[in-house]
Amino acid sequence: MNKLEANLSLLAITFFAAIQYVFLANIPPSVSNFAFICVTNLIGFLIALAFFFRELYRLEKKQLLQSLLLAAELFGFNLFLLLGSSGMDASVVSCVIAAYFVFVPLLLLLMRQKVGKNSCIGVALALAGVFLVMDADLGKLADVRIFYLLLADVMFALYLVTVERLCARSNPSILAMGQMLFGFLFSLLAWCIEARLTGQTMALPAERSFWFSVLFISFFIRGLYGVVQIYAQRYISALNTSLIFSTEVVMTLLAAPLLSRFIGAEASTITPLKVAGCIVIVLGVLLSNGVMTQLWKRRRSRGI
């Protein structure tokens with residue numbers, strides 16, 4: 001995989017991340033968040049194991065500990081994501097979640113890593129775009145679910161930075177399988193404790209829509225997304241990865257109305273402010289990745 005292929009791979013999995021919020025809306029409120037995380041991590045792990053079984057002979061203790069750390073960060077992200085996305089419009093969820101790119105440079109600065117000027121400007125542009133996609137409505141920030149989604153942002157930003165530090169020295173397939181296995185164990189333990197404290201059973205609903213969402217999240221998010229991301233981050237920095245992922249706002253906005261009708265959920269409304277916000281986000285990503293700078297240099301070299 002080269003840098004171009006890594007960028008294209010990240011864009012491809014961003015599409016699946018963008019439409020996942022429509023499927024998350026199909027999870028009944030009665031279903032434990034821990035149960036959903038548990039089941040999807042288990043299925044995702046089994047799918048990845050079927051493809052990468054031969055990689056297990058390279059397993060080392062160090063990689064188990066690294067997988068444990070990644071799983072803990074993802075567990076926090078998934079828990080806060082489910083808490084925040086419950087009953088909320090898919091485009092709003094996608095907007096707030098996409099803002100994790102704001103926390104990546106902050107974490108990098110705390111770790112005394114240099115952040116370029118173009119990257120900072122790109123982050124500011126993308127953040128402005130997210131605000132526009134939310135119809136510039138500050139009132140939406142008062143919802144407690146927004147607070148949960150912001151906590152999810154912090155956890156995912158931390159996860160991106162951790163992946164960048166680990167993926168160059170470890171087997172990506174093993175890390176991906178390990179984080180799903182430990183994610184399954186974490187959520188299973190939490191689910192058991194929750195059921196014991198509340199007196200509820202650990203039964204899962206039989207509705208086809210629920211299991212359709214489970215299979216989508218298990219394969220495309222837990223399995224495919226996790227493996228491709230860890231491989232791609234060998235070539236793309238955590239900050240640029242987060243900005244590429246921020247384009248999921250655009251994809252969610254475009255795909256949600258069609259998907260909502262397909263699965264019977266409430267459709268999102270596209271407004272001029274949301275369209276403008278999408279354009280600003282894309283400009284921020286291009287600036288941060290150096291695409292706009294390269295185009296400007298080419299124009300000047302040709303005397304245009």
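You'll find the structure just up there.
Heads up: these notes are all about the structure in this document. (Residues numbered from 1 in each chain as written. Predicted model: local features only at pLDDT ≥ 70, side-chain atom pairs only at ≥ 80, totals over all residues. Heavy atoms only, no water.)

## Focus on the overall build of the protein chain
Here's step 1: Scanning the protein chain from terminus to terminus reveals 13 helices and 0 strands.
Here's step 2: Along the chain direction, N to C, the helices and strands of the protein chain fall in the order α-α-α-α-α-α-α-α-α-α-α-α-α.
Here's step 3: Expressed as a percentage of the 304 residues in the protein chain, the buried residues total 52%.
Here's step 4: Here the analysis covers contacts within the protein chain between residues at least 6 apart in sequence; of these, 89% occur between residues at least 24 apart.
Here's step 5: Accessible surface for the protein chain amounts to roughly 14,800 Å². Of this, 67% is attributable to carbon and sulfur atoms. (Helix = DSSP H or I, 4+ residues; strand = E, 2+ residues; numbered from the N terminus. Buried < 20%, exposed > 50% of the residue type's maximum accessible area, 1.4 Å probe, protein only. Contact = heavy atoms within 4.5 Å. Areas by Shrake-Rupley, 256 points an atom, 1.4 Å probe, with all protein chains shown as cover.)

## Some words on the pattern of salt bridges
If charged atoms from side chains of opposite charge come close, those side chains can pair.
Here's step 1: Inspection of every chain in the model, using the stated rule, returns 1 salt bridge.
Here's step 2: Across the salt bridge formed by R58 and E55, the nearest N and O atoms sit 3.4 Å from each other.
Here's step 3: Residue classification places R58 among the partly exposed positions, given a relative accessible area of 42%. (Salt bridge = Lys/Arg side-chain N within 4 Å of Asp/Glu carboxyl O.)

## A closer look at the packing of aromatic side chains
Here's step 1: Inspection of every chain in the model, using the stated rule, returns 13 aromatic pairs.
Here's step 2: With centroids separated by 6.3 Å and ring planes inclined at 65°, the aromatic side chains of F36 and F210 adopt a geometry described as edge-to-face. Placement of F36 in helix α2 (residues 33-52) and of F210 in helix α9 (residues 208-232) is noted, with a sequence separation of 174 residues between them. Taken individually, F36 and F210 each receive the classification buried, so the pair is uniform in this respect.
Here's step 3: Ring plane angle 85° and centroid distance 4.9 Å describe the contact between F219 and F220, whose orientation is recorded as edge-to-face.
Here's step 4: Accessibility expressed as a relative area gives 24% for F220, which makes it partly exposed. (Phe/Tyr/Trp six-rings, centres within 6.5 Å; stacked < 30°, edge-to-face > 60°.)

## Quick look at the nonpolar core
Here's step 1: One finds F36, F77, I97, V104, L149, F156 and F245 to be the most contacted residues of the largest nonpolar core, which totals 68 residues.
Here's step 2: In terms of residues, this core owes the most to one element, helix α7 (residues 144-166), which gives 11 residues.
Here's step 3: Residue contacts for F36: discarding those within four places in its chain leaves L24, I27, L82, F210, S213, V214, I217 and R222. (Core = buried A, V, L, I, M, F, W, Y, C linked by side-chain atoms within 4.5 Å.)

## Description of the packing of α2 against α9
Here's step 1: As a packed pair, α2 and α9 sit with axes 8 Å apart at the nearest point and diverge in direction by 50°. In terms of their interaxial angle, α2 and α9 are classed as oblique. Two packed elements cross with a definite hand, and for α2 against α9 that hand is right-handed. Here F36, I37, V39, T40, N41, I43, G44, I47 and F52 of α2 come into contact with α9, specifically with F210, W211, S213, V214, I217, S218, F219, R222, G223 and V227.
Here's step 2: For the contact of α2 with α9, a count of residues per class yields 12 nonpolar, 6 polar and 1 charged. (Axes fitted to C-alpha atoms, helices over the stretch in contact; angles between N-to-C directions. Parallel < 35°, antiparallel > 145°, perpendicular 65-115°, else oblique. Left-handed = near helix turned anticlockwise from the far one by under 90°. Nonpolar A, V, L, I, M, F, W, Y, C, P; charged D, E, K, R; others polar.)

## Side note on the side chain of Q233
Here's step 1: By the element assignment, Q233 lies in the loop between α9 and α10 (238-245).
Here's step 2: Discounting residues that sit within four places of it in the chain, Q233 has contacts with L160, V163, E164, C167, A238 and T241.

## A word on the environment of M111
Here's step 1: Within the secondary structure layout, M111 lies in the loop between α5 (103-110) and α6 (117-133).
Here's step 2: Considered as a pair, M111 and V161 are 50 residues apart in the sequence and their alpha carbons are 9.9 Å apart.
Here's step 3: Not counting the four nearest positions on each side in its chain, M111 is found in contact with V161 and R165.

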